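Commentary on secondary and tertiary structure
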Amino acid sequence: MVVGMDGLRFDLLAVSGAPVLTALMAAGAYGTSMLPYGEAGAPRTESPGEVVPKAPEPGNGGRVIKSRTDSGPGWSSIATGVWPDKHGIVDNGFAAPQFLKFPDFLSRAKNARPDLVTSAFFSWAALAEHGAFGPAIDHRFVLDGYTVGWAEADEQVTEAAERHLAQDDPDAVFVYLGDTDEVAHDLGPHCPEYAAALQTQDAHLGRMIETIRARPAYPNERWTVLVTTDHGHVDEGGHGGTSDEERTVFVIAARLGEDLRGRSLGAPRLVDVAPTALTALGVPIEPDWDLDGTPLEP
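Residues numbered from 1 in each chain as written. Predicted model: local features only at pLDDT ≥ 70, side-chain atom pairs only at ≥ 80, totals over all residues. Heavy atoms only, no water.

1. With respect to the pairing of strand 6 (residues 224-228)
Taken residue by residue, a regular strand's side chains alternate between the two faces of the sheet. The condition is simple: Classification of residues uses two cut-offs on accessible area relative to the type maximum, computed with a 1.4 Å probe and protein chains only: under 20% is buried, over 50% is exposed, and between them is partly exposed. Each helix corresponds to a stretch of at least 4 residues labelled H or I by DSSP, and each strand to a stretch of at least 2 residues labelled E; elements are numbered beginning at the N terminus. Pairing between two strands is assigned when DSSP locates at least 2 bridges connecting them.
When you tally the buried positions in strand 6, you get five out of five residues, the bulk of the element. Burial of the side chains of strand 6 extends over both faces: Thr224, Leu226 and Thr228 are buried on one face and Val225 and Val227 on the other. Alignment of strand 6 against strand 7 (residues 248-255), held across five bridges, turns out to be antiparallel. Looking at the pairing, Leu226 lines up with Ala253 of strand 7.

Structure (structure tokens):
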């Protein structure tokens, strides 16, 4: 199960005391890295879905990834295992997607092993509407956080994921939660409301994990849980640029029922999430997929 928490700053997570995430880090493995993109001097995104003008970025030799530190590029990198210069999403406009060439990890898993049951749950509808997670996925639950309200949408997404985990037999699940990002845009990430949103999403994660542990088949299953984010936020709220606060992301990896004693993953990247999930499912990574990520070893 991959759980994405939008716009979650790791420095604030680390001091939050959020019990579920803290326990996963203590028993699992985790680390941070810096996104290899961002646009200096560009206007900052003020809402999760806003499309803002791109600033010119001079080349500096080698591989230059021209993209904003926005949700579209971040989640597309998590889904596909490649950076924006390959999957084509450089902001929240989703204008030039290459998802047929670089599909999401759930679609790759389904294509490689048709017997697998794949599922995705979103409170940000753009991820489904623009194909970041493709139509081959077996079970999809999509809400529009702008219409429903982000906190309520995350609650309904969690309830739907709980029902699915309890009643069905999924092999690979992706869950997106977005209220942390919305609050940070409105009030900045240092406010009490952001801390409360983080604690609520932590509780959502805990409910899903407890549902997994309550499955009758759980003693014979081996569940890997990955938690990540797409970007950070500047102190006043917003992202898109090149600051450390915007570019720092994290990955937490844990195998339920195993104690890895909080070891370091080094510098795990967003593009490592997809190959890690595929490897956990027993799907070999093919060289001709041209992935930028490599499987993490939790």
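2. Focus on the packing of helix 2 (residues 19-27) against helix 10 (residues 192-213)
The cut-off we apply is this: Each axis is a line fitted through C-alpha atoms, and for a helix only the stretch in contact is used; angles between axes span 0 to 180 degrees, taken between their N-to-C directions. Throughout, a residue-residue contact means that at least one pair of heavy atoms, one from each residue, lies within 4.5 Å. Here the nonpolar group is Ala, Val, Leu, Ile, Met, Phe, Trp, Tyr, Cys and Pro; Asp, Glu, Lys and Arg are the charged ones; every other residue, Gly included, is treated as polar.
For the pair helix 2 and helix 10, interaxial distance at closest approach is 7 Å and the crossing angle is 65°. Residues Pro19, Val20, Leu21 and Leu24 of helix 2 form the contact with helix 10, whose participating residues are Leu198, Gln199, Asp202, Leu205, Gly206 and Ile209. Tallied by class, residues from the contact of helix 2 with helix 10 come to seven nonpolar, two polar and one charged.

3. What about the packing of aromatic side chains?
In plain terms, the rule: Any Phe, Tyr or Trp ring, taking Trp's six-membered ring, that has another such ring centre within 6.5 Å forms a pair; planes under 30 degrees apart are called stacked, those over 60 apart edge-to-face, and the others tilted.
Scanning all chains against the criterion turns up 13 aromatic pairs. Ring centres of Phe121 and Phe141 lie 6.4 Å apart, and the angle between their planes is 40°; on these two criteria the pair is classed as tilted. With Phe121 in strand 3 (residues 118-122) and Phe141 in strand 4 (residues 139-142), the pair connects residues that are 20 residues apart, well separated along the chain. A residue is classified by how much of its surface remains accessible, and Phe141, at 21% relative accessible area, is partly exposed. Measuring from centroid to centroid gives 4.4 Å for Phe133 and Phe174, while their planes differ by 25°, and the two rings are stacked. Here Phe133, found in the loop between helix 6 (126-129) and strand 4, pairs with Phe174, found in strand 5 (residues 172-177); they are 41 residues apart in sequence, far enough to count as distant. Accessibility expressed as a relative area gives 0% for Phe174, which makes it buried.

4. Structural notes on the pairing of strand 1 (residues 2-5)
Side-chain alternation along strand 1 places Val2 and Gly4 on one buried face and Val3 and Met5 on a second face that is also buried. In this structure, strand 1 lies alongside strand 6, joined through three bridges in parallel fashion. The partner of Val3 across the bridge, within strand 6, is Val227.

5. Focus on the nonpolar core
The following threshold applies: Here the nonpolar core consists of buried residues drawn from Ala, Val, Leu, Ile, Met, Phe, Trp, Tyr and Cys, with membership extended through side-chain atoms lying within 4.5 Å.
Ranked by internal contacts, the top residues of the largest apolar core, which has 47 residues, are Phe105, Leu127, Phe133 and Phe174. Of all the secondary structure elements, the ones that give two or more residues to this core are helix 3 (71-80), helix 5 (105-112), strand 3, helix 6, strand 5, strand 7 and helix 12 (273-280). Here the element with the most residues in this core is helix 12; it accounts for four residues. Non-local contacts of Phe133, meaning those with residues more than four positions away in its chain, are made with Ala79, Asp104, Phe105, Leu106, Phe122, Leu127, Ala128, Arg140 and Phe174.

6. Things to note about helix 2
Inclusion rule: Think of it as the arc spanned by the lines of direction from the helix axis to the C-beta atoms.
Within helix 2 the residues assigned to the buried category are Val20, Leu21, Leu24 and Met25. Seen from one end, helix 2 has its buried residues packed into an arc of 135°, which puts them on one side. Exposed and oriented more than 90 degrees from the buried face of helix 2 are Pro19 and Ala26. Looking at the buried positions of helix 2, the neighbouring elements they touch are strand 1, helix 1 (10-14), strand 2 (29-34), helix 10, strand 6 and strand 7.

7. Considerations on unusual backbone geometry
Of note in this structure, Phe94 is not a glycine but carries a positive phi near 50°. Assessed through its relative accessible area of 5%, Phe94 is described here as buried. A positive phi is found at Asp290, a non-glycine position, where the angle reads about 60°. With respect to the helices, strands and loops of the structure, Asp290 is situated in the segment after helix 12.

8. With respect to the packing of helix 9 (residues 179-187) against helix 10
A pair of packed helices is captured by two measures, namely the crossing angle of their axes and the spacing between those axes. What counts, and what does not: In this scheme, roughly parallel covers angles under 35 degrees and roughly antiparallel covers those over 145, while 65 to 115 is roughly perpendicular and the rest are oblique.
At a minimum axis distance of 9 Å, the contact between helix 9 and helix 10 shows a crossing angle of 180°. Taken as axis vectors, helix 9 and helix 10 run roughly antiparallel relative to one another. Here Asp179, Thr180, Val183, Ala184 and Leu187 of helix 9 come into contact with helix 10, specifically with Glu193, Tyr194, Ala197, Leu198 and Gln201. When grouped by side-chain class, the residues that make up the contact of helix 9 with helix 10 number six nonpolar, two polar and two charged.

9. Comments concerning the layout of surface pockets
This is how it is decided: Put simply, the grid is 1 Å and covers the protein atoms alone, a cavity is a trapped set of points that fit a 1.4 Å probe, a pocket is an open set with protein on both sides within 12 Å along at least five of seven lines, and lining residues have an atom within 4 Å of a point. Grid points are joined across faces, edges and corners, and a volume is the space filled by probe spheres set on the points.
Within this model, the largest pocket holds a volume of roughly 330 Å³. Around the largest pocket, the lining is made up of 18 residues, and of these Asp171, Arg222, Trp223, Thr224 and Leu281 lie nearest the centre. Among the elements of the structure, strand 5, strand 6 and helix 12 are those that each provide at least two residues to the lining of the largest pocket. When residues of the lining of the largest pocket are assigned to their parent elements, the largest contribution, three residues, is made by helix 12. Residue classes in the lining of the largest pocket are distributed as 11 nonpolar, two polar and five charged. Its volume calculated, the second largest pocket comes out at about 170 Å³. Ala23, Leu24, Ile209, Arg213 and Leu256 are, among the 14 residues lining the second largest pocket, the residues nearest its centre.

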